[in-house]
Amino acid sequence: MNPIIVFENVALGYGSQPVVKGLSLKIYPGQYWGFIGPNGSGKTTILKAILGILPPLKGHLYRDSRLAFGYCQQRKAVEELFPCTVREIALMARTRLAGLGRPFRHEDRAVVEKCLRLCGVGHLSEKLFSELSGGQKQRVLLARALATEPQVLLLDEPTTDLDLKGSREILQLVAETRKQLGLTVVLVSHELPKVINEAEYFLFLQRTGGLRVVSKDQLNAALLSQVLETEIFLKNGKNGILVY
Amino acid sequence: MFGEAFMQRALTAGSIIAAACAYLGIFVIWRRIVFLSVALSEVAALGVAIGFFFGQTSFLMAFLLTTVVTLIFWQLWHQQRGFGEAAVGFIYALCAAASVLLVAKNPLAEARGLDLVSGNILYISTPELLVLSLVSLAVVGSQIVFRKEFVAVTFDRDFALSLGLPAGFWDLIFYLSLGALIGLAMRSCGLLFVFASLVIPPMAGLWATRRIHLSTLIAVLVAVFCVSAGLAVSWRFDLPAGPTIVALYSLAALLAVLAGRR
């Protein structure tokens, strides 16, 4: 099987200032990746490079041109001044597919309704986005990402500001959707405990600029303590690994 | 009163400009570029003043200058340097000062009653009205046809880019539309009317309802109604048309706040 996304010694950044240096990574179809690092370490920058929004400053980035991406933004990046309903926001995913200057088709509306239902927010489609709770907003953004009918789902801090129950529900929804649709998933987070049981492969971004690629079966407390620069303890629990 | 030819032209021009500005104004507010639209209005005013000073067509001069400055702003923004509030403020102050100085040293401007702030919509000529109508139609028409693209790019630029939408291109079209409209409307309507039309009716629409399409419709209706009523009031009480219309805009906005709270 060929990789669908390949980074070869890539530097990424804004202007001429690199945020991420020396990134080499291969992502294969169906894999679940977790990009873990502190705020400002360049996690979102890598997602933008995968999406083609940000060209590399150096190195080579290959993306399979047939790929469709579903991008689930950070909630704080979404404009709340806009008086948009849940359905209107999810429909934005179909803007390009509907055709330039053409109204949304019946097919577009059907896909959007299906994705909203899949994410458990079908009953909120007439509600204003700004009136929803944090967890509901996250589900709407996930539905919007799925409405592009992607092969690759990119999630940027989907559990930030959510309580433990809300976080678990979102991650469970992602896992179920991935299984159901056979998606490749890249999840960005600064909260290792929340995603350690979800991803199969991890890219750790260190505050110092260091990068480390690790598969789930290689994870151990000593390695995590080293890459996260703080003492980490792992314990195998009934529902997976506990981090503290 | 609307039997007079000049009043008919004023009503038609005022309604068209106000409706087009109100439509674009919704996006101006969403994009948080209200200050930029003030600065562009001032650039257009400088264009009018330059036109008068050098004896050129002020209508065309305002349009050209505003378009050039709009392109510069877009280029700066597109290179991710950001407009920068300070840069916009600098352009505003520079153009305001330069236009006042040019008008002060130009007896012709005074003789022709040039008022950059209030404008004089009652003096609009038929050729000016024709050009304004065509440009407004092109601007609003393109905004309506490509509304879903403009909404997607305005609401969430990164998501739009992730879909493969050329966000920079749509931004350019939006800013050029804004610049063209402001540039052409300035000569006849004045800074106050143009800027107020871009901000107050859209605010009324957004205060009155929390629905995206309905708020746009309300903004346009408020703008057209206030222009008609404002011209009638200014005729009846011998008041300057531009400020009268703006006063009515403000009243409509207050009513919208009350309606929105119910």
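Residues numbered from 1 in each chain as written. Chains lettered and ligands numbered in written order. Predicted model: local features only at pLDDT ≥ 70, side-chain atom pairs only at ≥ 80, totals over all residues. Heavy atoms only, no water.

A. Structural context of the overall build of chain B. Within chain B, the secondary structure is distributed over 11 helices and 0 strands. The secondary structure elements of chain B, listed N-terminal to C-terminal, are α-α-α-α-α-α-α-α-α-α-α. Whereas a compact globule of 262 residues would reach a radius of gyration of roughly 18 Å, chain B reaches 18 Å, a difference of no more than 12%. Evaluated residue by residue, chain B yields a buried proportion of 53% over its 262 residues. (Helix = DSSP H or I, 4+ residues; strand = E, 2+ residues; numbered from the N terminus. Rg over C-alpha atoms; globule rule 2.2 N^0.38 Å. Buried < 20%, exposed > 50% of the residue type's maximum accessible area, 1.4 Å probe, protein only.)

B. Inspection of the pattern of salt bridges at higher detail. All names here are of chain A. All told, the structure shown has 17 salt bridges over all chains when counted by the stated rule. Taking the shortest distance from any N to any O, the salt bridge between glutamate 169 and lysine 165 comes out at 3.0 Å. On the criterion of helical spacing, the pair formed by glutamate 169 and lysine 165 is a turn pair, its members being 4 residues apart in helix α6 (residues 164-181). Taking relative accessible area as the criterion, glutamate 169 reaches 31% and is therefore assigned partly exposed. Residue glutamate 200 is joined to arginine 178 by a salt bridge in which the shortest nitrogen-to-oxygen separation is 3.1 Å. With a gap of 22 residues between them, glutamate 200 in the loop between α7 (192-195) and β8 (201-205) and arginine 178 in helix α6 connect regions that are remote in the sequence. We classify arginine 178 as buried; its relative accessible area is 19%. (Salt bridge = Lys/Arg side-chain N within 4 Å of Asp/Glu carboxyl O.)

C. Looking closely at the sheet that holds strand β7 (residues 184-189) of chain A. All names here are of chain A. Across the sheet, 6 strands lie side by side as β5-β6-β7-β3-β8-β9; this open sheet has mixed pairing. Unpaired on one side and paired on the other, β5 (69-72) and β9 (211-215) mark the two borders of the sheet. Averaged over all pairs of adjacent strands, the angle between strand axes in this sheet comes to 15°, irrespective of strand direction. In this sheet, β7 lies alongside strand β6 (residues 152-156) in parallel orientation, the contact comprising 5 bridges. Bridging from a neighbouring strand, aspartate 156 pairs with valine 188 of β7. Packed onto the sheet, α6 meets β3 (32-36), β6 and β7 and runs at close to 160° relative to β7. The strands that helix α8 (residues 221-228) touches are β8 and β9; relative to β9, the one it contacts most, it runs at about 155°. (Pairing = 2+ DSSP bridges. Axes fitted to C-alpha atoms, helices over the stretch in contact; angles between N-to-C directions. Contact = heavy atoms within 4.5 Å.)

D. The confidence of the model for chain B, seen in detail. Summing up the model confidence of chain B, the mean pLDDT is 87 and the portion of residues at 70 or higher is 93%. Ranking the elements of chain B by mean pLDDT puts helix α5 (residues 107-111) of chain B last, at 68, and helix α10 (residues 212-237) of chain B first, at 94. (pLDDT = per-residue confidence, 0-100.)

E. Here's a closer look at the interface of chain A and chain B. The interface is formed by 31 residues belonging to chain A together with 27 residues belonging to chain B. Summing both partners gives a buried area of about 2,700 Å² for chain A against chain B, and 64% of it is carried by carbon and sulfur. There are 2 salt bridges connecting chain A and chain B. Linking A:Arg144 and B:Asp156 is a salt bridge whose minimum nitrogen-to-oxygen distance equals 2.8 Å. (Buried area = accessible area lost by both parts, 1.4 Å probe.)

F. Fine view of a nonpolar patch on the surface. All names here are of chain A. On the surface, Phe233, Leu242 and Tyr244 cluster together into a nonpolar patch covering about 340 Å² of accessible area. Topologically, tyrosine 244 is positioned in the segment after β11 (240-243). Owing to a relative accessible area of 57%, tyrosine 244 belongs among the exposed residues under this scheme. (Patch = residues over 30% accessible without salt bridge, like charges linked within 9 Å, V, L, I, M, F, W, Y side chains within 5 Å. Areas by Shrake-Rupley, 256 points an atom, 1.4 Å probe, with all protein chains shown as cover.)

G. Expanded view of helix α1 (residues 43-51) of chain A. Within α1(A), 8 of the 9 residues are buried, leaving the element largely enclosed by the surrounding structure. Positive phi appears at A:Gly52, one or two residues downstream of α1(A), with a value of about 85°.

H. Representation of the packing of aromatic side chains within the structure. Residues and elements named next belong to chain B. One pass over the full model with this rule turns up 14 aromatic pairs over all chains. Counting every residue linked through ring pairs, the aromatic cluster contains Tyr23, Phe27, Trp30, Phe174 and Tyr175. In this structure, arginine 31 packs its charged tip against the face of phenylalanine 174, placed 4.5 Å from the ring centre. (Phe/Tyr/Trp six-rings, centres within 6.5 Å; stacked < 30°, edge-to-face > 60°. Lys NZ or Arg CZ within 6 Å of the ring centre and 35° of its normal.)

I. Structural detail: the packing of helix α1 (residues 5-30) of chain B against helix α9 (residues 167-208) of chain B. Residues and elements named next belong to chain B. Their axes nearest at 6 Å, the elements α1 and α9 cross at an angle of 65°. Crossing hand, α1 versus α9: right-handed. Looking at the contact of α1 with α9, its residues break down into 24 nonpolar, 4 polar and no charged. (Left-handed = near helix turned anticlockwise from the far one by under 90°. Nonpolar A, V, L, I, M, F, W, Y, C, P; charged D, E, K, R; others polar.)

J. Spotlight on the sheet that holds strand β1 (residues 5-14) of chain A. All names here are of chain A. Taken in spatial order, the 3 strands of this open sheet run β2-β1-β4, and their pairing is antiparallel. Whereas interior strands pair on both sides, the edge strands pair on one side only; in this sheet they are β2 (17-27) and β4 (58-63). Averaged over all pairs of adjacent strands, the angle between their axes in this sheet comes to 35°, without regard to strand direction. Direction of pairing for β1 relative to β2: antiparallel, over a ladder of 7 bridges. When the bridges of β2 are listed, leucine 12 appears paired with valine 20.

K. Molecular detail of the packing of α1(B) against α10(B). Residues and elements named next belong to chain B. Where α1 meets α10, the closest approach of the two axes is 8 Å, and the angle between their N-to-C directions is 150°. The orientation of α1 with respect to α10, classified from their angle, is roughly antiparallel. α10 is crossed by α1, and the crossing has right-handed handedness. From α1, Phe6, Met7, Ala10, Leu11, Gly14, Ser15, Ala18, Ala19, Ala22, Tyr23, Ile26 and Trp30 reach across to α10, where they touch Ile212, Ser215, Thr216, Ala219, Val220, Ala223, Val224, Val227, Ser228, Leu231 and Trp235. For the contact of α1 with α10, the class distribution of residues is 18 nonpolar, 5 polar and no charged. (Parallel < 35°, antiparallel > 145°, perpendicular 65-115°, else oblique.)

L. Quick peek at the nonpolar core. Ranked by size, the top nonpolar core spans 166 residues in total, and within it A:Phe7, A:Phe35, A:Ile46 and B:Tyr249 carry the most contacts. Per-element accounting of this core gives the leading share, 21 residues, to α9(B). A:Phe35 has contacts with A:Leu25, A:Ile27, A:Lys43, A:Ile46, A:Ile50, A:Val186, A:Leu187, A:Val188, A:Ser189, A:Leu203 and A:Leu205, leaving out every residue within four places of it along the chain. (Core = buried A, V, L, I, M, F, W, Y, C linked by side-chain atoms within 4.5 Å.)

M. Region of the structure containing α8(A). All names here are of chain A. Within α8, burial applies to Leu223, Leu224, Ser225 and Val227. On its buried face, α8 is in contact with α7, β8, β9 and β10 (234-237). Two residues or fewer past α8, glutamate 229 is found with a positive phi of approximately 60°.

N. Examining the environment of B:Gly141 more closely. Residue position: B:Gly141 is located in helix α6 (residues 126-145). A C-alpha to C-alpha distance of 22 Å links B:Gly141 and B:Ala62, two positions 79 residues apart in sequence.

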